[in-house]
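Topology and contacts: notes
One-letter residues, chain by chain:
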Amino acid sequence: MKNKVKVSVLVPIYNVEKYLPACLESLISQTLKDIEIICINDGSTDSSPAIIKKYAAKDSRISVITKKNSGYGDSMNRGLEKATGKYVGILESDDFLEPEAFETMYNLSEKYQTDVVRVNYYHYKDHQNKKWSVIDPLSVGRLVDPSKELYMIYMAPAIWSGLYNREFLLKNDIKFLSTPGASYQDTGFNFKVWANAKRAAFSERAFLHYRLDNESSSVNNPGKVFCVCDEYAEIEKYLREHELFDDFGDAMQFAKFGAYLWNIERLAPNLAKKFIIKMSEEYKNVSLNRSYFSRTQWKKLQLIINYPPSIYYNYYRLASLKPKLHKFISKANKRLRPAYRRQIEIMNLVDNLVEQNAILTDQLALLEQQLNEQKGKNNAKN
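These notes cover the structure that comes with them. Predicted, not measured: the structure shown is a model, and the values here were computed from it.

**Focus on the overall build of the chain**
For the chain, the helix and strand inventory stands at twelve helices and nine strands. Classification of the 382 residues of the chain by burial places 48% in the buried group. In the chain, the share of contacts with a sequence separation of at least 24, taken over all contacts with a separation of at least 6, comes to 80%. Just so you have it, the chain exposes about 19,700 Å², and 51% of that area is on carbon and sulfur atoms.

Printed below as a string of structure tokens:
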């Protein structure tokens, strides 16, 4: 078996009885037959263990690691230790694949002798698929050196839409952060891969169906607010320990900025403000490369660093209203049939009003803070 395995597929499993059969069916139906399927049961308390046992009994390519619940990162590291294939693939247990997925990626890996291959994928919800195109068409059909084309660092991690050379992972000590109860652990793994890879290949085809309707998915869990911060702390530690920080430190800070903003936008107001405080603390004393940020991005970061959290949150809420205001004004203008130039002027006016409103909100908050401080001093004197 060890001499024949082309791809080791890691399947981390925790209480996914509803989706696991479809996941495993898509693996045993792969057109590439020389694969091993490593199921890592992370202390499941539902019927997932029974489902794994059933499939393992009918397909000898399935092996099982059973352990107490210790989290996704530890599961993946256990799987990497057990893997014997030339390449490593990943399939989350609530997702499923097209039959030719690993054969196509394996052939592409062999053609270019890659460290990593990446492809597009589908967003899957309510039995509907939408192709999610993250691969730059200009990267397709050639060998790419990621150290010279950093844009891929900023793609969504989506580590399950790729194939990794196992020797490459071992040589560069690329593992997962194994903190129990953590989340977003694909973030650190993904960044480590791109920081080390010298040979990458891409395809515009999509094979994986990424499920968006699993209510227990980490993307639907606001309780893990600061897990993404742990991931970027791990990335920085890894870059420094492996003497890669000078080459990738600026890119890491910019990637972190995008990930943190995404986190703010998905959280409820009270959690978002707590996260803004954390983000402000992290960025206050960091040397940043201004050229990585657009004018708007830099302005957002300065608001977060220099003002109370409510200021940025209000700015974000106001800014999110702009597209709706633009749409409303466009419809109104069409009924009135004004000149196109006049429409543009009105759009710009809306932008200016929103920005001025945010500035006034900033000033009012600061005045209120100063008044409260003065009241406190007066009370202390009396």
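Let us keep going from here.
**A few points about helix H10 (residues 295–306)**
Taking 1.5 Å of rise per residue, twelve residues should cover 16 Å, and H10 covers 16 Å from first to last C-alpha, within 8% of that figure. Within the span of H10, buried status applies to Leu301, Leu303, Ile304 and Ile305.

**Regarding the pairing of strand E2 (residues 35–42)**
Burial within E2 is extensive, with eight of its eight residues counted as buried. By the alternation rule, side chains of E2 split into Ile35, Ile37, Cys39 and Asn41 and Glu36, Ile38, Ile40 and Asp42, which are all buried. As judged from the seven bridges shared by strand E1 (residues 7–13) and E2, these two strands associate in the parallel manner. Counted as the bridge partner of Val7 is Ile35 from E2.

**Overview of the state of the cysteines**
Tallied over the entire structure, the rule returns zero disulfides. Left unpaired, Cys39 is separated from the closest cysteine sulfur, that of Cys23, by 7.4 Å. We classify Cys39 as buried; its relative accessible area is 0%. For Cys227, which is in no disulfide, the shortest distance to another cysteine sulfur is to Cys229 and amounts to 8.7 Å. A residue is classified by how much of its surface remains accessible, and Cys227, at 10% relative accessible area, is buried.

**A short note on the packing of helix H6 (residues 186–196) against helix H8 (residues 245–266)**
Describing two packed helices takes the angle between their axes plus the distance from one axis to the other. Relative orientation of the contacting elements H6 and H8 amounts to 150°, with a least axis distance of 12 Å. Taken as axis vectors, H6 and H8 run roughly antiparallel relative to one another. For the element pair H6 and H8, the recorded crossing hand is right-handed. Within the contact between the two elements, H6 uses Phe191, Trp194 and Ala195 and H8 uses Phe248, Ala251, Met252 and Ala255.

**Some remarks on the packing of aromatic side chains**
Considering all chains together, one arrives at 18 aromatic pairs under this definition. Look at Phe254 and Tyr292: their rings are 6.4 Å apart centre to centre, the planes differ by 50°, and that puts the pair in the tilted class. Of this pair, Phe254 sits in helix H8 while Tyr292 is found in the loop between helix H9 (269–284) and H10, placing the two residues 38 residues apart along the sequence. By relative accessible area, which is 16% here, Phe254 ends up buried. For Tyr292, a relative accessible area of 26% gives the class partly exposed.

**Comments concerning unusual backbone geometry**
Non-glycine residue Asp173 carries a positive phi angle of around 55°. Within the element layout of this structure, Asp173 appears in the loop between helix H5 (166–171) and H6. Residue Asp173 is classed as partly exposed on the basis of its relative accessible area, which comes to 36%. One non-glycine residue with positive phi stands out, namely Glu243, at about 55°. You can see Glu243 is positioned in the loop between helix H7 (227–241) and H8.

**Points about the pairing of strand E8 (residues 162–165)**
Every regular strand shows the same layout, with side chains that alternate between the two sheet faces. Burial along E8 is two-sided: the residues Gly162 and Tyr164 and Leu163 and Asn165 are all buried. Examined bridge by bridge, strand E4 (residues 87–90) and E8 share three bridges and lie antiparallel to one another. In the sheet register, Gly89 faces E8, and the bridge partner there is Leu163. Inspection of the sheet shows strand E6 (residues 116–125) paired to E8 by three bridges, in the antiparallel sense. Bridging from a neighbouring strand, Val116 pairs with Tyr164 of E8.

**A few points about the pattern of salt bridges**
The final tally for this structure, using the stated rule, is 15 salt bridges. Two residues, Lys58 and Glu25, come together in a salt bridge whose shortest N-O distance is 3.7 Å. Pair noted here: Lys58 is in helix H2 (residues 48–58) and Glu25 is in helix H1 (residues 20–28), with a separation of 33 residues, a long-range link. Residue Glu25 is classed as partly exposed on the basis of its relative accessible area, which comes to 31%. Note that Asp74 and Arg78 form a salt bridge whose closest N and O atoms lie 3.6 Å from each other. Of this pair, Asp74 and Arg78 both sit in helix H3 (residues 72–82), four residues apart, roughly one helical turn. Exposure remark for Arg78: the relative accessible area of 32% places this residue in the partly exposed category. Each of Asp42, Lys67, Asp74 and Arg78 takes part in one network of salt bridges that share partners.

What counts as what
- Residues numbered from 1 in each chain as written.
- Predicted model: local features only at pLDDT ≥ 70, side-chain atom pairs only at ≥ 80, totals over all residues.
- Heavy atoms only, no water.
- Helix = DSSP H or I, 4+ residues; strand = E, 2+ residues; numbered from the N terminus.
- Buried < 20%, exposed > 50% of the residue type's maximum accessible area, 1.4 Å probe, protein only.
- Contact = heavy atoms within 4.5 Å.
- Areas by Shrake-Rupley, 256 points an atom, 1.4 Å probe, with all protein chains shown as cover.
- Expected span 1.5 Å × (residues − 1).
- Pairing = 2+ DSSP bridges.
- Disulfide = S-S within 2.5 Å.
- Axes fitted to C-alpha atoms, helices over the stretch in contact; angles between N-to-C directions.
- Parallel < 35°, antiparallel > 145°, perpendicular 65-115°, else oblique.
- Left-handed = near helix turned anticlockwise from the far one by under 90°.
- Phe/Tyr/Trp six-rings, centres within 6.5 Å; stacked < 30°, edge-to-face > 60°.
- Salt bridge = Lys/Arg side-chain N within 4 Å of Asp/Glu carboxyl O.

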